[in-house]
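One letter stands for each residue in the lines below.
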Amino acid sequence: MTALQKSGPGSNDPSLAVDGNTSTCSRTKANSSDNGSSLYNWQILVGNSPGLLSMHRCTVLKVHGHRLTSVCDGTPDRQIRTRYVVVLNTHAPVVVCEFKILTCAQFRFGEDCEQSCLCHDLEEECDLMDGSCRSGCRDGRWGQGCQLECVESYGPGCMYQCGHCANMTSCDPVTGMCLTSDCDPGWRGPKCDIQCQPGYYGLDCTSICGHCRHGVTCDPRDGRCDGGCAPGWAGDQCDQRCQADRHGENCLFACGACRNRCDPVTGLCPSGCAPGWQGRFCTIECLPGTYGPDCEAKCPQCWELVCDKETGECQQGCQQGLRGQHCNSSCPVGSYGRECAGRCGRCLAQEVCSVTDGACPGGCEPGYNGTQCHNVCDPGYYGEGCMACGFCTAQLPCDLLTGKCPAGCVMGFDGDRCDTAKAFVESSNNYLDYVLPLNFILVGGVLTFVFACLIVKSRREELYPYSHTRLPE
């Protein structure tokens, strides 16, 4: 309600104050002889009848120079309906050039009705002055006149917190929906207020958790396994299978010498061990004398039974009489011993010698002796077993193979080998040829024996001169 007044003459016709023309004025009557003219002494009453006692008194709000503003409010249970407006002034008369009764449009409030009502009850008209609502504010609004919008919250009275919207953006203050329609990793739903279900993580909860230790679910934001990985798995998300040579929790342990890969969880070798190893985890080397996968093979006839634990090769050579990397071949004919380095001797009848020690089982060829028949008979010996030669003349050796004396026999012997004594013939010639030399030999032998005895006796006497003398008493 606004009244425009000015001092000066005016008509007593009250219609001139409401004719919409500010150049035509109406003059009020004075109730006293006070010539003061103050708008603060005004009283404005409204009602459906002209009786002052039944009318409702309004409140003067503002006075701006010649302009006065007043508001006539009703009570919560009664609205103001009026046909009459009475302006009272207890002092000097006032000239009123224009009197207007103004009100805000529906659902508007404020001094200039510039603000909208935001009541929870959409049919409620808010307070014309401060916009307050008996039903409270609409969803997403709060504060005086419900003019403040929810921040990081939504709903009636901003009582609900926004979800986990992407990039820390706010949600719709009314519905709580994320304005970007995207959620932070680990959250889902229209309001981004539902955490990923166990076993999933990441944007929109579409990524599957790895193999966390003890079956614990991963971090719904980044998929990390805070307690480590289950046996057989590694990586921040425990989604990387152990490499072929690793096993156990976080793949910390090295596999044994498995034939293929070990079990990434237990470390066992399901396909067995590689050559040279044995045991459940293939961590035990083959014992001496064994080789190959799981050490199931026996070393061949290697020297001292030592072979390569993986291949079975005889690295130190073979036992006597054998050859080859695995010592599975016998020495070739004519050789024997370790590495078949020995050569057979002169075995009888060209018989093959023993491949182990080179011995000739049937003996040696004539003119040779020894275990391997490598030794030539000593001078004076011949034939099989190196028999003694006969009585060859001039002390010449006999033939190595036949035993024959190349220059003939000494006197008294004959035959191819000079090993047969001649028969005795009683003739002078025979006597002189055979008996006389023998007599000389016998006589010479006797004389030599006697001479030797005399020398020995003389020597004893020199050493023991009193051996036959009785010592004095």
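The preceding data block contains the structure.
Every chain's residues receive numbers from 1 upward, in the order its sequence appears when written. Thresholds applied to this predicted model are a pLDDT of at least 70 for local features of residues and 80 or more for the giving and counting of side-chain atom pairs; totals over whole chains, interfaces and linings are not thresholded and use all residues. Only hydrogens and water are removed before side-chain values are computed, so all heavy atoms of the structure are retained for them.

1. A closer look at the packing of aromatic side chains
Thought 1: Here is the rule: rings of Phe, Tyr and Trp (six-membered ring for Trp) pair when centre to centre is within 6.5 Å. Planes less than 30 degrees apart are stacked, more than 60 are edge-to-face, and the remainder are tilted. Counted under the stated rule, the structure contains two aromatic pairs.
Thought 2: With a centroid separation of 5.5 Å and an interplanar angle of 35°, the aromatic rings of Tyr154 and Tyr160 are classed as tilted.
Thought 3: Summary of the burial criterion: residues with accessible area below 20% of their type's maximum are buried, those above 50% are exposed, and those between are partly exposed, where the area comes from a 1.4 Å probe applied to protein chains only. Residue Tyr160 is classed as partly exposed on the basis of its relative accessible area, which comes to 41%.
Thought 4: Taking the centre distance of 4.0 Å and the plane angle of 20° together, the rings of Phe391 and Phe413 count as stacked.

2. A few points about the state of the cysteines
Thought 1: By convention in this document, the label disulfide applies to cysteine sulfur atom pairs within 2.5 Å. The tally for this structure, following the rule as stated, stands at 28 disulfides.
Thought 2: One disulfide in the model links Cys242 with Cys251; its S-S distance is 1.9 Å. Here the disulfide of Cys242 and Cys251 is left-handed, its torsion about the S-S bond being about -95°.
Thought 3: Taking relative accessible area as the criterion, Cys251 reaches 12% and is therefore assigned buried.
Thought 4: The disulfide partner of Cys392 is Cys405, and the gap between their sulfur atoms is 1.6 Å. On the sign convention where negative means left-handed, the S-S torsion of about -70° between Cys392 and Cys405 marks this disulfide as left-handed.

3. Some thoughts on the environment of Cys386
Thought 1: Tracing the backbone shows Cys386 in the loop between β33 (381–382) and β34 (387–388).
Thought 2: Measuring from C-alpha to C-alpha, the distance between Cys386 and Leu401 comes to 9.0 Å, with 15 residues separating the pair along the chain.
Thought 3: The contact criterion used throughout is that any non-hydrogen atoms of two residues lie within 4.5 Å. Those residues in contact with Cys386 that sit more than four places away from it in its chain are Gly367, Tyr368, Asn369, Cys377 and Tyr381. Under the scheme used here, helices are H or I runs from DSSP no shorter than 4 residues and strands are E runs no shorter than 2 residues, and both carry numbers assigned from the N terminus.

4. What about the pattern of salt bridges?
Thought 1: Any carboxyl oxygen of Asp or Glu that lies within 4 Å of a side-chain nitrogen of Lys or Arg is treated as forming a salt bridge with it. Evaluated as defined, the whole model comprises six salt bridges.
Thought 2: Here Arg224 and Asp236 are joined by a salt bridge, their closest N and O atoms 3.6 Å apart. On the criterion of sequence distance, the pair formed by Arg224 in the loop between β18 (207–208) and β19 (233–234) and Asp236 in the loop between β19 and β20 (240–241) is long-range, its members being 12 residues apart.
Thought 3: Residues Arg346 and Glu365 are paired through a salt bridge, measuring 3.1 Å at the closest nitrogen-oxygen approach. In this pair, Arg346 is assigned in the loop between β30 (342–343) and β31 (368–369) and Glu365 in the loop between β30 and β31, connecting sequence segments 19 residues apart.
Thought 4: You can call Arg346 partly exposed: its relative accessible area is 39%.
Thought 5: Among the charged side chains, a network of salt bridges with common partners joins Asp222, Arg224 and Asp236.

Such coordinate-based values are descriptive only and should not be taken to indicate function.
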